[in-house]
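Fold and contact review
For reference, the chains in residue letters:
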Amino acid sequence: IEEIARLIGYDKFDVNLPAPIRPGGMNKLQLAERKLRSHFVGAGFQEITTISLVGPPEKEGERIAITNPLLADTSHLRTNLWEEHLKVCFKNVNTAQKACWIYEIGSTYQNINEEICEQRILGGVLTGNKRFGSWDTGGKVKKLDYFEARGYLEQALVPLKIKISDK
């Protein structure tokens, strides 16, 4: 904005603010996302952001190609979040991190009837047991079981009022 103002000329801008000034606000979707993020962080997850541009697919037609990509590694739009999340967890495990509790609310892209459609989805990975302190386990590594992981996920999904079922 500053560069544009400099090109136009600062003298062409009014010195008074427009009246009345109305504060902005968030819509219902933005409020729901904020609440969801807060609950995931409260349950011990870390929010990550992965880029929407990924490399070419193994099978032709799985991803949407970019017309003029800068790099081969960023030549397509992603169709899911889980591939990038698994890469993050793999890096963490390879650097001796015992746990990877991550989530992301991100965009995926699909080609539907020759039209590119963007969809916002929630994805994540929960692996390993976080150690907040060794006092409760006597310094021993405790494995994360299914029911404990399910409890953390259930805790994070409270604002959406989603019931988790084991069917």
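Check the entry above for the structure.
The notes below deal with the structure included here. Computed from a predicted model, the values in this text were never measured in an experiment.

Take a nonpolar patch on the surface next. Taken together, the side chains of Ile 4, Ile 8, Tyr 10 and Phe 13 define a hydrophobic patch exposed on the protein surface, amounting to about 420 Å² of accessible area. Topologically, Tyr 10 is positioned in the loop between helix H1 (2–8) and helix H2 (28–42).

On to the layout of surface pockets. Empty pockets left among the atoms are what a rolling probe the size of a water molecule brings to light. Of the voids in this model, the largest pocket is the one considered here, and its volume is about 240 Å³. Lining the largest pocket are 16 residues; nearest its centre among them are Phe 40, Phe 45, Gly 124, Leu 126 and Leu 153. Elements supplying a minimum of two residues to the lining of the largest pocket: strand S5 (100–112), strand S6 (115–127) and helix H4 (146–156). Across the lining of the largest pocket, the residue classes tally to 12 nonpolar, 2 polar and 2 charged.

Further remarks concern the sheet that holds strand S3 (residues 64–65). Within the open sheet, the 3 strands sit side by side as S2-S4-S3. Their pairing is antiparallel. Two strands bound the open sheet, and with one partner strand each, they are strand S2 (53–54) and S3. Here S3 pairs with strand S4 (residues 76–77) via 2 bridges, running antiparallel. Residue pairing across strands places Ile 64 opposite Leu 77, the latter belonging to S4.

With that out of the way, let us pick up the packing of aromatic side chains. The full count for this structure, using the stated rule, is 5 aromatic pairs. Seen in terms of ring centroids, Phe 40 and Tyr 103 are 4.8 Å apart; in terms of plane orientation they differ by 25°. Their pairing is stacked. Pair noted here: Phe 40 is in helix H2 and Tyr 103 is in strand S5, with a separation of 63 residues, a long-range link. Where Trp 101 meets Tyr 152, the ring centres are 4.6 Å apart and the plane angle is 55°; that geometry is what we call tilted. Highlighted residues: Trp 101 in strand S5 and Tyr 152 in helix H4, separated in sequence by 51 residues. We classify Trp 101 as buried; its relative accessible area is 2%.

Conventions adopted
Counting from 1, residues in each chain are numbered in the order their sequence is written. The predicted origin of the model limits local features to residues at a pLDDT of at least 70 and limits the giving and counting of side-chain atom pairs to 80 or more, whereas totals for whole chains, interfaces and linings rest on all residues. Side-chain numbers come from the whole structure's heavy atoms, not from hydrogens or water. Residues enter patches when they are more than 30% accessible in relative terms and free of salt bridges; like-charged ones are connected within 9 Å and nonpolar ones (Val, Leu, Ile, Met, Phe, Trp, Tyr) within 5 Å. Calculation of accessible area relied on Shrake-Rupley with a 1.4 Å probe; when residues are assessed, cover is drawn exclusively from the protein chains displayed. Just to be clear on terms, a salt bridge is a Lys or Arg side-chain nitrogen sitting within 4 Å of an Asp or Glu carboxyl oxygen. Going along the chain from the N terminus, every DSSP run of H or I of four or more residues is numbered as a helix, and every run of E of two or more is numbered as a strand. In this analysis the probe radius is 1.4 Å and the grid spacing 1 Å, with only protein atoms considered; a cavity is a set of points the probe fits into but cannot get out of, a pocket is an open set with protein on both sides within 12 Å along at least five of seven lines, and lining residues have an atom within 4 Å of a point. Grid points are joined across faces, edges and corners, and a volume is the space filled by probe spheres set on the points. When residue character is reported, Ala, Val, Leu, Ile, Met, Phe, Trp, Tyr, Cys and Pro are called nonpolar, Asp, Glu, Lys and Arg charged, and the others, Gly included, polar. Should DSSP find at least two bridges between two strands, the strands are regarded as paired. Stacked, edge-to-face and tilted labels apply to pairs of Phe, Tyr and Trp rings (six-membered ring for Trp) whose centres lie within 6.5 Å, assigned for plane angles under 30 degrees, over 60, and everything in between, in that order. Type-normalised accessible area, obtained with a 1.4 Å probe on protein chains alone, sets the label of each residue: buried when under 20%, exposed when over 50%, and partly exposed for intermediate values.

Purely geometric stuff here, so don't read any function into it on its own.
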